[in-house]
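Survey of secondary and tertiary structure
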Amino acid sequence: QVQLVESGGGLVQPGGSLRLSCAASGSIFSINDMGWYRQTPGKERELVATITNGGSTNYADSVKGRFTVSRDNTKKTVYLQMNSLKPEDTAVYYCNANIRLDWGPQEYTYWGQGTQVTVSS
């Protein structure tokens, strides 16, 4: 019923920038917290950034000052602006959203399909 579709990944040189987008669609009543996570082979999924419905943000120490998370509630979309990219940022990035559906009060967690970000010279 609900889908999170990601876009914006790709190959970029160190020091470059990328902007990831994640758009939610379906029978959505409301969206609470949203966030971005990343994962590399053999490692656990890492929280990168979160943003509440009111706009409060939190970042992993490794990306503070370089990444910015934002959201557009009208478009049901969360963004991740990534600047000054480093090879260590290479990973599959997943968006996440806590969503209440039209037909009930219970909140569910949904994940995007993942988008590859590769930082290499």
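Preceding this paragraph is the structure being described.
Heads up: these notes are all about the structure in this document. (Residues numbered from 1 in each chain as written. Predicted model: local features only at pLDDT ≥ 70, side-chain atom pairs only at ≥ 80, totals over all residues. Heavy atoms only, no water.)

1. Observations regarding the side chain of R71
When you line up the elements, R71 lands in strand 7 (residues 67-72). No salt bridge is formed by the buried R71, whose closest oppositely charged neighbour, D33, lies at an N-O distance of 5.5 Å. There is a polar contact of 2.8 Å between the side chain of R71 and the side chain of N73. Other than its neighbours up to four places away in sequence, R71 contacts I31, N32, D33, M34, I51, T52, N53, T77, V78 and Y79. (Helix = DSSP H or I, 4+ residues; strand = E, 2+ residues; numbered from the N terminus. Buried < 20%, exposed > 50% of the residue type's maximum accessible area, 1.4 Å probe, protein only. Lys, Arg positive; Asp, Glu negative; His and termini not counted. Salt bridge = Lys/Arg side-chain N within 4 Å of Asp/Glu carboxyl O. Polar contact = N/O pair within 3.5 Å; in protein donor to acceptor, adjacent residues only side chain to side chain. Contact = heavy atoms within 4.5 Å.)

2. Some details on the sheet that holds strand 1 (residues 3-7)
Ordered by their spatial adjacency, four strands build an open sheet running 1-3-8-7, and the pairing between neighbours is antiparallel. Edge strands, defined here as strands with exactly one partner in the open sheet, are strand 1 and strand 7. Each adjacent strand pair in this sheet contributes to an overall mean axis angle of 15 degrees, direction not counted. Here strand 1 runs beside strand 3 (residues 18-25); their pairing, made up of five bridges, is antiparallel. (Pairing = 2+ DSSP bridges. Axes fitted to C-alpha atoms, helices over the stretch in contact; angles between N-to-C directions.)

3. Structural notes on the nonpolar core
Ranked by size, the top nonpolar core spans 32 residues in total, and within it L4, W36, L80, M82, Y93 and I99 carry the most contacts. Ranked by the residues each element gives to this core, the list is headed by strand 9 (residues 91-101), at six residues. Not counting residues within four places of it along the chain, the set of residues in contact with L4 comprises C22, A23, A24, C95, N96, A97, I99, Y110, W111, G112 and Q113. (Core = buried A, V, L, I, M, F, W, Y, C linked by side-chain atoms within 4.5 Å.)

4. Focus on the state of the cysteines
Following the criterion strictly, the structure yields one disulfide and no others. Between the sulfur atoms of C22 and its disulfide mate C95 the distance is 2.0 Å. Handedness of the C22-C95 disulfide follows from its S-S torsion of about 50 degrees: it is right-handed. Here C22, found in strand 3, pairs with C95, found in strand 9; they are 73 residues apart in sequence, far enough to count as distant. Judged on exposure class, the residue C22 and its partner C95 are both buried. (Disulfide = S-S within 2.5 Å.)

5. Quick look at the packing of aromatic side chains
Inspection of every chain in the model, using the stated rule, returns one aromatic pair. Over the aromatic face of Y79 sits the side chain of R19, whose NZ or CZ is 4.0 Å from the ring centroid. Here R45 stacks its cationic end above the ring of Y94, 3.9 Å away from the centre of that ring. (Phe/Tyr/Trp six-rings, centres within 6.5 Å; stacked < 30°, edge-to-face > 60°. Lys NZ or Arg CZ within 6 Å of the ring centre and 35° of its normal.)

6. Re unusual backbone geometry
Non-glycine residue K76 carries a positive phi angle of around 55 degrees. By the element assignment, K76 lies in the loop between strand 7 and strand 8 (77-82). Of the residues examined, K76 reaches a relative accessible area of 31% and is grouped as partly exposed. Its identity as a non-glycine residue notwithstanding, S84 has a phi of 50 degrees, on the positive side. Looking at where S84 falls in the secondary structure, it is placed in the loop between strand 8 and strand 9. A relative accessible area of 42% means that S84 is categorised as partly exposed.

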